[in-house]
Amino acid sequence: SQQGEEDPQALSIQEGENATMNCSYKTSINNLQWYRQNSGRGLVHLILIRSNEREKHSGRLRVTLDTSKKSSSLLITASRAADTASYFCASISSNTGKLIFGQGTTLQVKP
Amino acid sequence: DAGVIQSPRHEVTEMGQEVTLRCKPISGHDYLFWYRQTMMRGLELLIYFNNNVPIDDSGMPEDRFSAKMPNASFSTLKIQPSEPRDSAVYFCASTTSGGHYTGELFFGEGSRLTVL
């Protein structure tokens, strides 16, 4: 079963706009990560936020975590065509210790 | 540095045939994971190893699937006999002990399996 559910499933924006993706999870977590997957490629780790953190930044990425709502969001600012990819949240369940991925959000950034 | 290396990148086979997927983790990483990705089920964790020992294989779908890690630099995922519903992209990922607890995995490019 999926630990995380993501919203929206697909997102299409113009270059320069911001993109926001949301993730909800089910069980207690140690941390939450976001990964990116370009078409036909493997996943690449983007950013990690620990369960005791509320917000984290890395370049054009901003991640928030609300443990009371069991949710996280990934914001990509000033999007570029090269940001076109699928984005997955992933979390390690405190119960099982396994890293489980959400279904992902497919982002298309139009030039 | 070389990343996680998987082979083959693409495999097309007929139902009933044996399929072997291979993975070379990043040198020095002591955790290795096999995931399967499909449109319907997303990314599923099949099995993971620590120091070459299988730790959790509860995600392996059935007895037709088996995985081995004979040494720190090589792992295989075998499907025998293969069925059309096994068609998917299979990913290998590795990390260090510290990375395991943080969840920062390094993925290979995947092996796309099509079973006709």
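Before any of the text, the structure's been laid out above.
All of these numbers come straight from a predicted model, not from anything done at the bench.

About the criteria used
- Residues numbered from 1 in each chain as written.
- Chains lettered and ligands numbered in written order.
- Predicted model: local features only at pLDDT ≥ 70, side-chain atom pairs only at ≥ 80, totals over all residues.
- Heavy atoms only, no water.
- Helix = DSSP H or I, 4+ residues; strand = E, 2+ residues; numbered from the N terminus.
- Rg over C-alpha atoms; globule rule 2.2 N^0.38 Å.
- Buried < 20%, exposed > 50% of the residue type's maximum accessible area, 1.4 Å probe, protein only.
- Contact = heavy atoms within 4.5 Å.
- Areas by Shrake-Rupley, 256 points an atom, 1.4 Å probe, with all protein chains shown as cover.
- Lys, Arg positive; Asp, Glu negative; His and termini not counted.
- Charge placed at Lys NZ, Arg CZ, Asp CG, Glu CD.
- 1 Å grid on protein atoms, 1.4 Å probe; cavity = no way out; pocket = protein on both sides within 12 Å on 5 of 7 lines; lining within 4 Å.
- Points joined across faces, edges and corners; volume = space filled by probe spheres on them.
- Nonpolar A, V, L, I, M, F, W, Y, C, P; charged D, E, K, R; others polar.
- Phe/Tyr/Trp six-rings, centres within 6.5 Å; stacked < 30°, edge-to-face > 60°.
- Buried area = accessible area lost by both parts, 1.4 Å probe.
- Salt bridge = Lys/Arg side-chain N within 4 Å of Asp/Glu carboxyl O.
- Polar contact = N/O pair within 3.5 Å; in protein donor to acceptor, adjacent residues only side chain to side chain.
- Pairing = 2+ DSSP bridges.

*Asks:* Describe the overall build of chain B, listing the residues and the values that go with them.
*Replies:* When its secondary structure is counted, chain B shows 1 helix and 11 strands. Moving toward the C terminus, one meets the helices and strands of chain B in the order β-β-β-β-β-β-β-β-β-α-β-β. Against the 2.2 N^0.38 benchmark of 13 Å for 116 residues, chain B shows a C-alpha radius of gyration of 13 Å, consistent with a compact globule. Along the first, second and third principal axes, the C-alpha atoms of chain B reach 40 × 30 × 30 Å. Scored against the burial criterion, the 116 residues of chain B give a buried share of 51%. Considering only intrachain contacts with a sequence separation of at least 6, the fraction spanning at least 24 residues in chain B is 55%. Here chain B displays about 5700 Å² of accessible surface, and carbon together with sulfur accounts for 51% of that area. Taking the average place of the 10 positive charges on the side chains of chain B and the average place of its 14 negative ones, the gap between the two points comes to 4 Å.

*Asks:* Could you give an account of the layout of surface pockets, with specific residues and numbers?
*Replies:* The space that makes up the largest pocket amounts to roughly 680 Å³. The residue inventory of the lining of the largest pocket, partitioned by class, reads 7 nonpolar, 16 polar and 4 charged.

*Asks:* Give me the packing of aromatic side chains: which residues, what numbers.
*Replies:* Counted according to the given criterion, the structure contains 10 aromatic pairs over all chains. Here the aromatic rings of Tyr35 of chain A and Phe107 of chain B are separated by 5.9 Å at their centres, their planes lie at 80°, and the arrangement is edge-to-face. Of this pair, Tyr35 of chain A sits in strand β4 (residues 29-37) while Phe107 of chain B sits in strand β10 (residues 106-107), which puts the two residues in different chains. What makes Tyr35 of chain A buried here is its relative accessible area of 0%. Judged by relative accessible area, Phe107 of chain B falls into the buried class, the value being 10%. On the basis of an interplanar angle of 20° and a centroid distance of 6.3 Å, the ring pair of Tyr31 of chain B and Phe33 of chain B is categorised as stacked.

*Asks:* How would you sum up the interface of chain B and chain A? Please name residues and give values.
*Replies:* Where interface size is given, it is often the accessible area lost as the parts come together that is meant. Counting residues at the interface gives 20 residues for chain B, matched by 19 residues for chain A. Here chain B meets chain A over a buried area of about 1600 Å², counting both sides, of which 48% is carbon and sulfur. For the pair chain B and chain A, the interface holds 1 salt bridge. A salt bridge links Arg41 of chain A to Glu109 of chain B, with the shortest nitrogen-to-oxygen separation between them at 2.6 Å. For the side of chain B that touches chain A, the secondary structure elements donating two or more residues are β4 (31-38), β5 (42-50) and α1 (97-102) of chain B. Of the residues assigned to the side of chain B that touches chain A, the class counts are 8 nonpolar, 7 polar and 5 charged.

*Asks:* Just give me the short version of the side chain of Ser79 of chain A, but keep the residues and values in it.
*Replies:* Residue and element names in this part refer to chain A. Counting through the fold element by element, Ser79 comes out in the loop between β8 (71-76) and β9 (85-93). You can call Ser79 buried: its relative accessible area is 2%. At 3.4 Å, the side chain of Ser79 and the backbone oxygen of Gln14 are in polar contact. There is a polar contact of 2.8 Å between the side chain of Ser79 and the backbone oxygen of Glu17.

*Asks:* Can you tell me about the pairing of strand β7 (residues 61-66) of chain A, naming the residues and giving the values?
*Replies:* Residue and element names in this part refer to chain A. In terms of strand pairing, strand β6 (residues 55-58) meets β7 through 4 bridges, oriented antiparallel. In the sheet register, Glu55 faces β7, and the bridge partner there is Thr64. Here β6 folds back onto β7, and the loop between the two strands holds 2 residues, one of which, Gly59, carries a positive phi near 60°. In this structure, the hairpin formed by β7 and β8 is closed by a connection of 4 residues, where Lys70 is found at a positive phi of approximately 50°.

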